[in-house]
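One letter stands for each residue in the lines below.
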Amino acid sequence: MTKTPQTVPATNTAPAPQQTGPASPYLPTEALVTRAAKLTEKERLFALALLNGQNPNHTQYPVAVESTRPSGIAPNAGSTLNYLPGQFYMVGLPGYGEAPFSVASPLGASEGLELCIRAVGNLTNAIHRVPKGGRLWIRGPFGTGFDAASMKGRDVVFIAGGIGIVPMRSLIKTIVGNPGYGRLSLIYGTKSPDDLLFSGEMTEWSKAGLRAFVTIDKPAKGWSGNVGVVTTLMAKLDIDPVRTTAVIIGPPVMYKFVIMNLRKAGMRDEDILVSLERRMKCGLGKCGHCQINGVYACQCGPVFKLSDLHGLPEAL
Amino acid sequence: MVLSCENELPEILRQVDIVNFREAMTERHEDYEIAFVEGSISRKEEAHKLRKIRKKARVVVALGACSSTGGLNCLKNRFPMRYLQEEVYGRGAHKKKAFDTDTVRPIDAFIHVDYYIHGCPIPKKEFLSVLTALLMGSVPKITNHPVCVDCKLAGNICVFEKGKTCLGPVTRAGCDAICVTYGGVCWGCRGLVDDPNIGAHTETLKRYGLTADSVMDSFNLYDRCAIKRKR
Amino acid sequence: MKFITKTGLKALVTGLIRDYKVYGTVKKDGFPAYGEITDAKQLVLLQTPTHLSAKGFVFPERETLLRFNMEDGSHKPVVEAADQVIIGLHACDIHAMLLMDRVFAYGAPDANYLARRAKTLVIGTDCMPDEHCFCQSIGTMHATEGFDLFLHQTKNGFAIDVGTKRGAAILRKYTKAVTAAASEIRNMEAFEKKRAGSFKTRLDAPAAALPAIYARSDASPVWDRIGSICYGCGSCNNVCPTCYCFDVRDEPAANLKQGERVRVWDACTLEEFALVAGGHNFRKPRGARLRHRFNRKFRYLTDVFNAPFCVGCGRCIRTCLVNINIAEVTNELIAEDAKRGIIDETVRTKKAER
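Position numbers for residues count from 1 along each chain, tracking the sequence in the order it is written. Whichever chain is written first is A, and whichever ligand is written first is 1; the rest continue in order. In view of the model being predicted, local features appear only for residues whose pLDDT reaches at least 70, and side-chain atom pairs are presented and counted only at 80 or more, with totals across whole chains, interfaces and linings using the full set of residues.

Draft legend 1. Region of interest: the overall build of chain A. Runs of E in the DSSP output that reach at least two residues are strands. Runs of H or I that reach at least four are helices, and both are numbered from the N terminus. Tallying secondary structure elements over chain A gives five helices and 15 strands in all. Here contacts are defined at the residue level, using C-beta atoms placed from the backbone and a cut-off of 7 Å between them. If you take every contact in chain A between residues at least 6 apart in sequence, the share linking residues at least 24 apart comes to 69%.

Below, the structure written as structure tokens:
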């Protein structure tokens, strides 16, 4: 079914005619999908580039079936979106809504903004149906990020559980291979080998000096590696508490035990960073859904120092 | 209610084929993906038909209070079967096969149900939003908060202030509190929310003058099957 | 101060109706509410608060943020506002609107709220507390800003505080206002004196002491107790003039072409408010949700805005079917705190005064 390309009102430009105040912060930006790769049964990695704002030929937004039309638009070569590892974008599709997704790519990635999306609901399943050349709507970046530069001269321990490896990848790729950092270690745990993400990249990171330990929850056929939750591997870390920064990202249940172990090893709460997932709906510190006690996770988080969480019992 | 979606039916028919709709068309065939099933089950033959529908359809949606939660028909369950049969069909009816009847149950007592559209009747807009979601490849979102929310958003004065009683605080919203908006009270036709505070509401109803029996009557109108199952 | 007679008010309202959409306090089924005023006769100046607050006029229950087309991906932001007047906000509600003004201008300015607010004229009116009002304890009993005009009912008419140039302009345009006579002002002052002595609900600590008291009250048995009777019905949030949490969702049309992204009032006391994608609910127990709401009013937001977010209007108390009373709960927490030996100096002084 061919459609004559319609002239689309330019997005993100001048405000609507009778507006007396600021522009709507809910207006999304169109991003072009320059790459869409299957990682696992449930996860896909998307690379996005921003459009120039010119009227392009439109690829039809997928409704229930995958669109196969070619894009006809050259991506913005070398576009950099101004984000930090740890931050998130509100990503959406018309009709399906928006949800927060952590950036998966490092600072200044040549591939553009990468997002790893797990298909768990209506929006994420619809996003999975968007092919290379299709469009996603994004707003952002929002929230606090990791300050990789402040970790220079220190050992960094990355502890990732499940899909926590996605924002962790952004930070790891920002740090690994760059000079000025101490010992780098990663503990990564998932439910099963089928849920493992980025194993190929992990090999490269190991070659660049990252000590990586991977574990799965329960024994699985064909898996000869570690079995057990991430805390079972923490003894291998040999933490020097004075010069270590620890970063923890994972499912809610993981934090308590990992933190207990890190504190036992002598670490201070100021040196432990966590990223806390909440259901952001506006990203602007207004809708209230991401509140952790008195703070909005989309404004004061999702990256927090553990020492900042002392007054926030709902955090962990 | 489905046929009342006059404005949207042309659009819907552009996207789907309705192949079997007793109340609306004579033609029928048995090859379908989505089945909307209305009505509760009270006879073995109905259960049999229901299981056949489940085998054919990829998606089964319970349409309305009776199929979702048992609905008003569950009032029957308060009485012994023989008494009912004789009361309705005459003496000795319980011995005749023609008057055979079972405990009333919602359809999910027999088959797995994918989605529910609650209400007696269903809200038009909920039927449309569920169908639209299915056509978009999405899981329909069903409201899970009390009718009080819908009432406040409609700007209604609470009927308790007017000395009436209402099941709104434990009933599933999604109906825009239409009954209260038009001068009535909530009878609980959309069934209970997932986690209703029945204890608190029993006390509230008593505080507003209902006897313990009347409280049970209120809950039994639409929610009898649900409450029995929660126990 | 200015002054107009009752006839003068009628003229003002009649004039406003010609040029604006006018909303004001009315009796709805005999109950105090806000309604559209199409004839000056419909306006009923109320002594006590309305059932629902006036926040819906600047922060509607349901508001379109975007209109989009799913086929071609086009989308337009929607920021709609029309000139309107609201008559009948009491001091507590004016304070509440001032707080909402700050909230929606803070950080990323909210285009929708600010557009509506800019086109809204506020005419406040005086009041007498009912058994649940406690604005006196919060410090929101009088409003010195946040209104265009404020009417004080006197023997012969209304003494008027003119709050803005806009207020002065409508006074000039639609009615005849004179300088208020000394007798009218005395009348007003007598009324206010009577008002100050009429409060039945009081907080046992000054509002400034509450953030610290709440900060020490997370483990109070109060929360489980009120949580066990709470329905999680959201009524308290919905009637509250300073509750502003909302849900954002897409509503596609049946033709799968047009659609809207809308925001709708949401409530932290509802079960699914803190539910996340993986199925985890960060605030499942009802007691925890109530604790969150009360902390929002007396503690969490004070750090950012340096003001309590409860204005003492008592609406949540009136609307709660199980009689959960925010003032009583606060006083319980104050008492518990005192028993722990951490008694605020001002609390001690206040108790001595009685």
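From this point, things continue past the structure.
Draft legend 2. Structural view of unusual backbone geometry. A:Pro302 follows A:Gly301 through a cis peptide bond whose omega is 10°. Structurally, A:Pro302 can be placed in the loop between helix 5 (297–300) and strand 15 (303–305). The linkage connecting B:Cys120 with the following residue, B:Pro121, adopts the cis geometry, with an omega of 0°. Checked against the element boundaries, B:Pro121 lands in the loop between strand 3 (115–117) and helix 5 (124–135). At A:Asp238, a residue that is not glycine, the phi angle is positive and equals roughly 55°. Following the sequence through the fold, A:Asp238 ends up in the loop between strand 10 (226–227) and strand 11 (244–249). Each residue is classified by how many other C-beta atoms fall within 10 Å of its C-beta atom, where C-beta atoms are placed from the backbone; a count of 20 or more means buried, 12 or fewer means exposed, and values in between mean partly exposed. Of the residues examined, A:Asp238 has 12 C-beta atoms within 10 Å and is grouped as exposed.

Draft legend 3. Structural context of the domain arrangement of chain A. All names here are of chain A. Each assigned domain of chain A is listed with its residue range as follows: domain 1 (29–142) and domain 2 (148–309). Counting from both sides, the interface comprises 20 residues of domain 1 and, opposite them, 18 residues of domain 2. Breaking the side of domain 1 that touches domain 2 down by element, the ones donating at least two residues are strand 3 (88–93), strand 4 (97–102), strand 5 (113–118) and strand 6 (135–142). Considering every element that reaches the side of domain 1 that touches domain 2, the biggest residue donor is strand 6, with three residues. Note that domain bounds follow an automatic or database assignment of domains.

Draft legend 4. Just the interface of chain B and chain C, in detail. Facing 27 residues of chain B, the contacting portion of chain C comprises 27 residues. Looking at the side of chain B that touches chain C element by element, the count peaks at four residues for helix 6 (residues 147–153) of chain B. For the side of chain B that touches chain C, a count of residues per class yields 14 nonpolar, seven polar and six charged. Nonpolar residues are Ala, Val, Leu, Ile, Met, Phe, Trp, Tyr, Cys and Pro. Charged residues are Asp, Glu, Lys and Arg, and all others, Gly as well, are polar.

Draft legend 5. Main features of the interface of chain A and chain C. Taken together, the contact between chain A and chain C spans 43 residues of the former and 45 residues of the latter. For the side of chain A that touches chain C, a count of residues per class yields 18 nonpolar, 17 polar and eight charged.

Draft legend 6. Geometry of the nonpolar core. If you look at the biggest cluster of nonpolar residues, it comprises 207 residues, and the most contacted ones within it are A:Leu48, A:Leu136, A:Ile159 and A:Val247. Broken down by element, this core gets its largest block of residues, ten residues, from helix 2 (residues 91–105) of chain C. If we skip the residues at most four places from it in the chain, A:Ile159 touches A:Ile187, A:Val230, A:Ala246, A:Val247, A:Ile248 and A:Val258. To define a nonpolar core, we join buried Ala, Val, Leu, Ile, Met, Phe, Trp, Tyr and Cys residues through C-beta atoms within 7 Å and take the resulting set. Formed by 19 residues, the second largest nonpolar core is a distinct cluster that contains B:Leu63, B:Phe127, B:Leu128 and B:Val130.

Draft legend 7. Representation of the environment of C:Ile138 in the model. Residue and element names in this part refer to chain C. Looking at where Ile-138 falls in the secondary structure, it is placed in helix 4 (residues 135–138). As a C-alpha pair, Ile-138 and Cys-310 span 172 residues in sequence and 7.5 Å in three-dimensional space. Sequence-distant contacts of Ile-138, that is, excluding residues within four places in its chain, are made with Ala-207, Pro-308, Cys-310, Val-311 and Gly-312.

Draft legend 8. Region of interest: the domain arrangement of chain C. Residue and element names in this part refer to chain C. For chain C, the assigned domains are domain 1 (2–196) and domain 2 (207–353). The gap between the C-alpha centroids of domain 1 and domain 2 is 25 Å. Contact residues are listed per partner, giving 34 residues for domain 1 and 30 residues for domain 2. For the side of domain 1 that touches domain 2, the secondary structure elements donating two or more residues are strand 4 (62–69), helix 2 and helix 4. For the side of domain 1 that touches domain 2, the class distribution of residues is 17 nonpolar, nine polar and eight charged.

Draft legend 9. The environment of C:Cys245, seen in detail. With respect to the element layout, C:Cys245 can be found in the loop between helix 9 (235–239) and strand 11 (246–252). According to the C-beta neighbour criterion, C:Cys245 is buried, with 20 such atoms within 10 Å. Those residues in contact with C:Cys245 that sit more than four places away from it in its chain are A:Cys287, A:Gly288, C:Asp266, C:Ala267 and C:Cys268.

Draft legend 10. Here's a closer look at the sheet that holds strand 12 (residues 258–265) of chain C. Residues and elements named next belong to chain C. A pair of strands is treated as paired once DSSP finds two or more bridges between them. Here we have four strands laid out as an open sheet, ordered 5-4-12-11, and antiparallel in their pairing. Only two strands of the sheet have a single neighbouring strand rather than two, namely strand 5 (75–77) and strand 11. When strand polarity is set aside, the average angle formed by the axes of neighbouring strands in this sheet is 25°. Note: strand 4 against strand 12, seven bridges, orientation antiparallel. Residue Arg-67 lies in a different strand from strand 12, and its bridge partner there is Glu-260. For helices, the fitted line uses only the C-alpha atoms of the stretch in contact; every axis is such a line through C-alpha atoms, and the angle between N-to-C directions lies from 0 to 180 degrees.

Draft legend 11. Representation of helix 4 (residues 252–264) of chain A. All names here are of chain A. Restricting attention to buried positions, one finds in helix 4 the residues Met-254, Tyr-255, Val-258, Ile-259, Asn-261 and Leu-262. Around the axis of helix 4, the buried residues are gathered within 160° of arc, so they sit on the same side. For helix 4, the exposed residues set more than 90 degrees away from the buried face come down to Val-253, Lys-256, Met-260 and Lys-264. Looking at the buried positions of helix 4, the neighbouring elements they touch are strand 7 (155–161), strand 11 and strand 12 (272–275). After helix 4 finishes, the residue Gly-266 shows a positive phi value of roughly 95°. Each direction from the helix axis to a C-beta atom contributes to the arc, which is the arc of those directions.

Draft legend 12. Representation of the packing of helix 1 (residues 6–19) of chain C against helix 5 (residues 165–174) of chain C within the structure. All names here are of chain C. Running from N to C, helix 1 and helix 5 cross one another at 100°; their axes reach a closest spacing of 9 Å. In terms of axis orientation, helix 1 runs roughly perpendicular to helix 5. Contacts between helix 1 and helix 5 involve Ala-11, Leu-12, Gly-15 and Leu-16 on the former and, on the latter, Ile-170, Lys-173 and Tyr-174. A per-class count over the contact of helix 1 with helix 5 returns five nonpolar, one polar and one charged. Each angle is binned into one of four classes, with values under 35 degrees roughly parallel, values over 145 roughly antiparallel, values of 65 to 115 roughly perpendicular, and all other values oblique.

Draft legend 13. Focus on the sheet that holds strand 2 (residues 59–63) of chain B. Residues and elements named next belong to chain B. Across the sheet, which stays open at both edges, the three strands sit in the order 1-2-3 with parallel pairing between neighbours. Both edges of this open sheet fall to strand 1 (34–38) and strand 3, since each of them pairs with a single strand only. When strand polarity is set aside, the average angle formed by the axes of neighbouring strands in this sheet is 25°. One ladder, built from five bridges, connects strand 1 with strand 2; its direction is parallel. Residue pairing in the sheet places Ala-35 in a bridge with Val-60 of strand 2. Contacts from helix 5 reach strand 1, strand 2 and strand 3, with the element oriented near 155° to strand 3.

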